[in-house]
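So the chains spell out like this:
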Amino acid sequence: MQSRTIVVNGTRIRCLLGGSEFNPVVVLLHGWAMASSVYKHLGDLLSEGHFVIIPDLPGFGRSDKVSPVQFEKFAAILDDLLEQLGLSKVSLVAHSMGGAVAIKMAQKFPKRVEKVILVDSMGEMVNRGLIGWAIAAIYKTLRSLSVDHLRAVTRVVTICALNCLKRPLWMWQTFRLTIGTDLVAVLKTVKTETHLVWADKDEYFPSCQRMASAINTQPIIIPKAGHDWIILEPVAAAQIIKQLL
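Residues numbered from 1 in each chain as written. Predicted model: local features only at pLDDT ≥ 70, side-chain atom pairs only at ≥ 80, totals over all residues. Heavy atoms only, no water.

**Some points on helix H2 (residues 71-84)**
What sets the pattern is the α-helix's 3.6 residues per turn: residues three or four places apart point alike. Quick note on the threshold: A run of H or I in DSSP becomes a helix once it reaches four residues, and a run of E becomes a strand once it reaches two; helices and strands are each numbered from the N terminus. Helix span is expected to be 1.5 Å times the residue number reduced by one. For each residue, the accessible area found with a 1.4 Å probe, counting protein chains only, is set against the maximum for its type, and the residue is called buried under 20%, exposed over 50%, and partly exposed in between.
Taking 1.5 Å of rise per residue, 14 residues should cover 20 Å, and H2 covers 20 Å from first to last C-alpha, within 8% of that figure. Within H2, the full set of buried residues consists of Phe71, Phe74, Ala75, Ile77, Leu78, Asp79, Leu81 and Leu82. Immediately beyond the C-terminal end of H2, within one or two residues, lies Gly86, with a positive phi of roughly 75°.

Structure follows, in structure tokens:
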């Protein structure tokens, strides 16, 4: 995949792009504290038969911040980016916090979005304090450690640390937004075809039942997997996503 920085209404958005522009378009949206580079392997696999765009969402990676700090604003920036690239129809594959952007895109710009695939996405409120979130993050990282996953886990931890060091206030603001937003009511208004793919041992968002009920669907459950399985197991993730696209 190739890196490109696109200026959208004065905001610099860094993207990875791969595949033929004549193929169906897939936009991969990353989670909180992440960046496009973490999903590069998955993007390479999906670009076989699709034109894949992985943006650094505003304020993360190498993209500029935006104001106000709202998922609606992120969705508007993404819509303007796609308009600038001349892409009228796209499918959204969204992990974790990226799911909020995908849901808002489907709600606000339904003509642009052909399909939504939410992978271990935020959406349902989790009754957990800051210490609980910290413990979940530690447990998620330790659970993921293995010889096969060591490089991917190191990349996740490094990107998270770099984002936090570069923009600590932004990270705090977006973290509070992520854990404090319930999107079930919004999902009920979305008419776009939407799928849920969920790890059976997700450390951050253990349930998607309210979301599944909101869109009247059954989630695809990934056995013996945690929140970051889409990053740790890109080959398996690509196979499932391709079946849904």
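**Description of unusual backbone geometry**
Residues Ser67 and Pro68 are joined by a peptide bond in cis, for which omega reads 0°. With respect to the element layout, Pro68 can be found in the loop between strand E4 (51-55) and H2. Although it is not a glycine, Asp120 adopts a positive phi angle of roughly 45°. By the element assignment, Asp120 lies in the loop between strand E6 (113-119) and helix H4 (130-144). For Asp120, a relative accessible area of 0% gives the class buried. Here the phi dihedral of Lys224 falls at roughly 55°; this positive angle occurs in a residue that is not glycine. Relative to the elements of secondary structure, Lys224 occurs in the loop between strand E8 (220-222) and helix H9 (229-232). Assessed through its relative accessible area of 75%, Lys224 is described here as exposed.

**Structural notes on a nonpolar patch on the surface**
Quick reminder of the rule: Surface patches are drawn from residues lacking salt bridges whose relative accessible area is over 30%; two like charges belong together within 9 Å, two nonpolar side chains (Val, Leu, Ile, Met, Phe, Trp, Tyr) within 5 Å. Under the convention used here, a 1.4 Å probe and the Shrake-Rupley method define accessible areas, while residue burial counts only the protein chains that appear. Any Lys or Arg side-chain nitrogen found within 4 Å of a carboxyl oxygen on Asp or Glu counts as a salt bridge.
A cluster of nonpolar residues, Ile138, Leu142, Leu145 and Leu150, forms a patch on the protein surface that exposes about 390 Å² of accessible area. Mapped onto the elements, Ile138 comes out in helix H4. The exposed category is assigned to Ile138, whose relative accessible area is 52%.

**Section: the layout of surface pockets**
Formally: Buriedness for pockets is judged along seven lines, at least five of which must meet protein on both sides within 12 Å for an open set on the 1 Å grid over protein atoms alone, while cavities are sets there where a 1.4 Å probe fits but cannot get out, and lining residues have an atom within 4 Å of a point. Grid points are joined across faces, edges and corners, and a volume is the space filled by probe spheres set on the points. Throughout, the ten residues Ala, Val, Leu, Ile, Met, Phe, Trp, Tyr, Cys and Pro are labelled nonpolar, Asp, Glu, Lys and Arg are labelled charged, and all others, Gly among them, are labelled polar.
Counted as a void, the largest pocket has a volume near 480 Å³. In terms of lining, the largest pocket is formed by 22 residues, of which the most central are Trp32, Ala137, Lys140, Cys160 and Tyr204. Of all the elements, H4 adds the most residues to the lining of the largest pocket, at six residues. Tallied by class, the residues present in the lining of the largest pocket amount to 14 nonpolar, six polar and two charged. The computed volume of the second largest pocket comes to approximately 200 Å³. Looking at the second largest pocket, it is lined by 15 residues, and the ones nearest its centre are His41, Ala152, Arg155, Ile231 and Pro234. In the lining of the second largest pocket, the residues fall into eight nonpolar, three polar and four charged.

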